[in-house]
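What follows is the residue order along each chain.
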Amino acid sequence: MASATPTRGIRPRVPGVQRRLGRLERPALRGVLVRELVNYSSFWRSSTFSSTVDPTIYLLAFGFGFGSLVSKVAGYDYIDFVGTGIVATTVLFSGAFPAMYSTFVKYEFQHTYDAILAAPVDVEELVTAEALWISARTGVYGCVPMLVAVAFGLDPSWGMLLVPLIAALAGYGWATFGIFIAARAKSIESFSYWQSGLLTPMFLVAGTFFPLDELPTWAQVLGNVNPLFHCVELVRHSVFGLEGWADIGHLAFLIAFALIAWRMAIHFMEKRLIA
Amino acid sequence: MASAIRMQGVVKRFGELTAVAGLDLDVPDGTCIGLLGPNGAGKSTTMKMLTAQAIPNEGTIEVLGFALPGDSKQARALMGVVPQLDNLDVSLTVEQNLLVFSHLYRVPSAGRKDAIERALTIANLAERRTAKVDQLSGGMRRRLLIARALLHKPRLLLLDEPTVGLDPQVRQELWALIDRLRSEGVSILMSTHYIEEAERLCDRVTIMSHGRAVAEGAPRELIAEHAGTEALEVYGSPTRLGEVELLASQRGWRTRRTGTSISILHSNGSATDLDGERRITNLEDVFVLLTGEEIS
């Protein structure tokens, strides 16, 4: 908050605001978050429904459908395998997609960002706060299908407490990636290319429903650059036992993905919003 | 006197198009300045540059003593912006809209409730506080938009076409509101293409055309300088109007077509041989003479 301390150098026109404002200020982030929270109070039902019911349906469909054909996958019971992998699917559904659509709608149709940027908020703060909010939601939503899986036989473990954190971290990456897509989009229709060309293949080749080991080498290589794959692995290992360096590698990949997507989102949103 | 806004030699290009072509503008503290111009004259781009939502290619901009774009955030903390396009959150209530912006404008938590009440009073919407924005009329929404920009008691208010698309009666209500703010010492920069609005509210106006300031001064001075004290409005058939136009140009008077008539300006009572209605010149005459464009 701006304090009432006297000025340093800049002319004392109004008390309280002379302090040179920095980057990523808390009041600015809070302002954007408050807006999201107040809005969320009116649409949390639909948002929660779509973000959790879809993955749960995948979980049950694959769990029962495939589960009746195979009993063990990669050494896991199939419900255990898919019940943990599904967290990443939820992260994608509740991270990237809301970010893409809500960002586009807010700048293109509602002109919300015009209003926010006329207040003391910069694009960097705007993007960061929006992504933090989506990330917090993915942290919660990510656990829902896993809890459903618990009801269907996945054994609870202490490692599950790490899952919301992993989901939130991966969610931050996907949220900023979604904002990046929206910043590049000329129209909302162009999201189809990203969805069909990139996100759907990623969602399938992430080790959620079947392990990557059985795939051809090129597909395994692609799988390894898929952030969802690292999210799946990290969640599975958290629940069934961490694997040391391998998991540090997965974590590092998710952090790097989040950082890069964050900066890309800011860069392209600045290009989009500042003429 | 200190300036709330000072722009010098500001140029803004969008690719091939030069939206603002070397604009100088000064808004002294506590005054209301009008930016007058037809659509496409560069008014909105100028407004965008003052919040650093557009960055000029050339020139300098200072707002409340802060150099833009570097220190724009400090400037924005002290100013309120009323955009031309309504960007309220339509699914939220009146009060929720104000609450959100009290945070965005960094109103301290202790004063937040008061700030919202004050804004509700300014907007005259205290009774509709729980109404969702999409249930409000156009005039109410515009009042809310203005009140939202005043939550943090800004020292400078930017109004981009504040009354566009509103009924005459609603427009007058808003004029009263803007006039009150000005009397309270808020500096105001207002863009408009309603001449009457500028004439009534602004201490000085800058007339813009094709990204440039073509005239600057108090409305009365501009009228006296460019249109003279009195206009003679001559009615007649198109042929007759053509003849009058020719005659006037021979005598060195300036004319403008006003629908079914021709207004002879700057004749200052010497056009005694012509039949017509005498009327007082207005800012619209100046505007049309200088920009060559009629106002819709």
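Note that the coordinates shown come from a computational prediction; the quantities given were computed from them, not determined experimentally. (Residues numbered from 1 in each chain as written. Chains lettered and ligands numbered in written order. Predicted model: local features only at pLDDT ≥ 70, side-chain atom pairs only at ≥ 80, totals over all residues. Heavy atoms only, no water.)

Describing the overall build of chain A
Then step 1. When helices and strands are tallied, chain A shows ten helices and two strands.
Then step 2. Ordered by position from N to C terminus, the α and β elements of chain A give α-β-β-α-α-α-α-α-α-α-α-α.
Then step 3. Over its C-alpha trace chain A gives a radius of gyration of 21 Å, about what one expects of a compact globule, namely 19 Å for 275 residues.
Then step 4. Over its C-alpha atoms, taken along the principal directions, chain A stretches across nearly 75 × 40 × 40 Å.
Then step 5. The buried share among the 275 residues of chain A stands at 53%.
Then step 6. Taking all contacts inside chain A whose residues are at least 6 apart in sequence as the whole, residues at least 24 apart take part in 77%.
Then step 7. Taking the average place of the 19 positive charges on the side chains of chain A and the average place of its 19 negative ones, the gap between the two points comes to 15 Å. (Helix = DSSP H or I, 4+ residues; strand = E, 2+ residues; numbered from the N terminus. Rg over C-alpha atoms; globule rule 2.2 N^0.38 Å. Buried < 20%, exposed > 50% of the residue type's maximum accessible area, 1.4 Å probe, protein only. Contact = heavy atoms within 4.5 Å. Lys, Arg positive; Asp, Glu negative; His and termini not counted. Charge placed at Lys NZ, Arg CZ, Asp CG, Glu CD.)

What to know about the packing of aromatic side chains
Between two aromatic rings, the relevant description is the distance of the centres plus the angle of the planes.
All names here are of chain A.
Then step 1. Scanning all chains against the criterion turns up 27 aromatic pairs over all chains.
Then step 2. The rings of Tyr58, Phe62, Phe66, Tyr76, Tyr78, Phe81, Phe93, Phe97, Phe203, Phe209 and Phe240 are connected pair by pair, giving a single aromatic cluster.
Then step 3. It is Arg236 that lies over the ring of Phe81; its NZ or CZ is 3.5 Å from the centre.
Then step 4. Lying across the ring of Trp262, Arg263 places its NZ or CZ 4.6 Å from the centre. (Phe/Tyr/Trp six-rings, centres within 6.5 Å; stacked < 30°, edge-to-face > 60°. Lys NZ or Arg CZ within 6 Å of the ring centre and 35° of its normal.)

Thoughts on the pattern of salt bridges
Residue and element names in this part refer to chain A.
Then step 1. If you walk through the whole model with that rule in mind, you get 35 salt bridges over all chains.
Then step 2. Of the charged contacts in the structure, one is a salt bridge between Arg35 and Glu36, with a shortest N-O distance of 3.2 Å.
Then step 3. Arg35 gets classed as buried once you look at its relative accessible area, which sits at 3%.
Then step 4. Accessibility expressed as a relative area gives 5% for Glu36, which makes it buried. (Salt bridge = Lys/Arg side-chain N within 4 Å of Asp/Glu carboxyl O.)

Some details on the confidence of the model for chain B
Then step 1. Mean pLDDT over chain B stands at 89; residues scoring 70 or higher make up 96%.
Then step 2. What the predictor reports for the complex is a pTM of 0.88 with an ipTM of 0.87. (pLDDT = per-residue confidence, 0-100.)

A look at the packing of helix α2 (residues 78–108) of chain A against helix α6 (residues 163–184) of chain A
Residues and elements named next belong to chain A.
Then step 1. Running from amino to carboxyl end, α2 crosses α6 at an angle of 35°, the nearest separation of the two axes being 7 Å. The handedness of the crossing between α2 and α6 is right-handed. Residues Val87, Val91, Leu92, Gly95, Ala96, Ala99, Met100, Thr103, Phe104 and Tyr107 of α2 lie in contact with α6, whose contacting residues are Val163, Ala167, Ala170, Gly171, Trp174, Ala175, Gly178, Ile179, Ile181, Ala182 and Ala183.
Then step 2. Class assignment of the residues belonging to the contact of α2 with α6 gives a composition of 17 nonpolar, four polar and no charged. (Axes fitted to C-alpha atoms, helices over the stretch in contact; angles between N-to-C directions. Left-handed = near helix turned anticlockwise from the far one by under 90°. Nonpolar A, V, L, I, M, F, W, Y, C, P; charged D, E, K, R; others polar.)

Let's talk about the interface of chain B and chain A
Then step 1. Facing 40 residues of chain B, the contacting portion of chain A comprises 39 residues.
Then step 2. The interface formed by chain B and chain A holds seven salt bridges in total.
Then step 3. Glu25(A) is paired through a salt bridge with Lys73(B); the nearest N and O atoms lie 2.8 Å apart.
Then step 4. Taken together, chain B and chain A are joined by 15 residue pairs in polar contact (both at pLDDT 80 or more).
Then step 5. The leading source of residues in the side of chain B that touches chain A is helix α3 (residues 94–104) of chain B, at six residues. (Polar contact = N/O pair within 3.5 Å; in protein donor to acceptor, adjacent residues only side chain to side chain.)

Regarding helix α9 (residues 238–250) of chain B
All names here are of chain B.
Then step 1. Compared with the 18 Å implied by 1.5 Å per residue over 13 residues, the 19 Å span of α9 between its first and last C-alpha is a close match.
Then step 2. Those residues of α9 lying buried are Leu241, Val244 and Ala248. Along the axis of α9, the buried residues cluster in a sector spanning 60°; they form a single face. For α9, the exposed residues lying more than 90 degrees away from the buried face are Thr239, Leu246 and Gln250.
Then step 3. On the buried face of α9, the contacting elements are β11 (230–235), β12 (254–258) and β13 (261–265). (Expected span 1.5 Å × (residues − 1). Arc of directions from axis to C-beta.)

Some details on the pairing of β13(B)
All names here are of chain B.
Then step 1. In terms of burial, β13 is a largely internal element, five of the five residues being buried.
Then step 2. Burial along β13 is two-sided: Ser261, Ser263 and Leu265 facing one way and Ile262 and Ile264 facing the other are all buried.
Then step 3. Strand direction decides the pairing type here: β11 and β13, joined by four bridges, are antiparallel. Following the sheet pairing, Tyr235 is matched in β13 by Ser261.
Then step 4. Counting the residues that bridge the hairpin from β12 to β13 gives two residues, and of these Gly259 lies at a positive phi of roughly 65°. (Pairing = 2+ DSSP bridges.)

Remarks on the sheet that holds strand β4 (residues 58–63) of chain B
All names here are of chain B.
Then step 1. Spatially, β2-β1-β4-β5 is the arrangement adopted by the four strands of the open sheet, whose pairing is antiparallel. Two strands lie at the open edges of the sheet, namely β2 (17–28) and β5 (66–68), each paired on one side alone. Pairs of neighbouring strands in the sheet enclose a mean axial angle of 25°, with direction left out of account.
Then step 2. Sheet topology places β4 next to β5; three bridges connect them, and they run antiparallel. Following the sheet pairing, Val63 is matched in β5 by Phe66.
Then step 3. In the packing of helix α1 (residues 43–50) onto the sheet, the strands contacted are β1 (3–14), β2, β4 and β5, and the crossing angle to β1 comes to about 120°.

Section: the confidence of the model for chain A
Residues and elements named next belong to chain A.
Then step 1. Summary statistics for chain A give a mean pLDDT of 89 and a share of 93% for residues scoring 70 or more.
Then step 2. Confidence, read as mean pLDDT per element, is least for strand β1 (residues 72–73) in chain A (88) and greatest for α6 (97).
Then step 3. Every residue in residues 1–16 scores below 50 in pLDDT, and together they form 27 contacts with partners more than four places removed in sequence or on other chains.

Considerations on the nonpolar core
Then step 1. With 135 residues, the main nonpolar core has Trp174(A), Met269(A), Leu157(B), Ile188(B) and Leu283(B) as its most contacted residues.
Then step 2. Residues contacting Ile188(B), with those up to four places away along its chain left out, are Val27(B), Thr31(B), Cys32(B), Ile33(B), Leu156(B), Leu157(B), Leu159(B), Ile178(B), Leu181(B) and Arg182(B). (Core = buried A, V, L, I, M, F, W, Y, C linked by side-chain atoms within 4.5 Å.)

Quick word on the sheet that holds strand β7 (residues 156–160) of chain B
All names here are of chain B.
Then step 1. Reading across from one edge, β6-β7-β8-β3-β9-β10 is the order of the six strands in this open sheet, with mixed pairing throughout. Each edge of the sheet is formed by a strand with only one pairing partner; in this case those strands are β6 (79–82) and β10 (212–217). In this sheet, neighbouring strand axes are inclined to one another by 15° on average, regardless of whether the strands run parallel or antiparallel.
Then step 2. As judged from the five bridges shared by strand β9 (residues 204–209) and β10, these two strands associate in the antiparallel manner.

Focus on the environment of Leu158(B)
All names here are of chain B.
Then step 1. If you trace the backbone, Leu158 turns up in strand β7.
Then step 2. Classification of Leu158 as buried rests on a relative accessible area of 1%.
Then step 3. For the pair Leu158 and Gly80, spaced 78 residues apart in sequence, the C-alpha separation works out to 6.2 Å.
Then step 4. When sequence neighbours within four positions are dropped, the list of residues in contact with Leu158 reads Ile5, Met47, Leu50, Thr51, Met79, Gly80, Val81, Val82 and Leu189.

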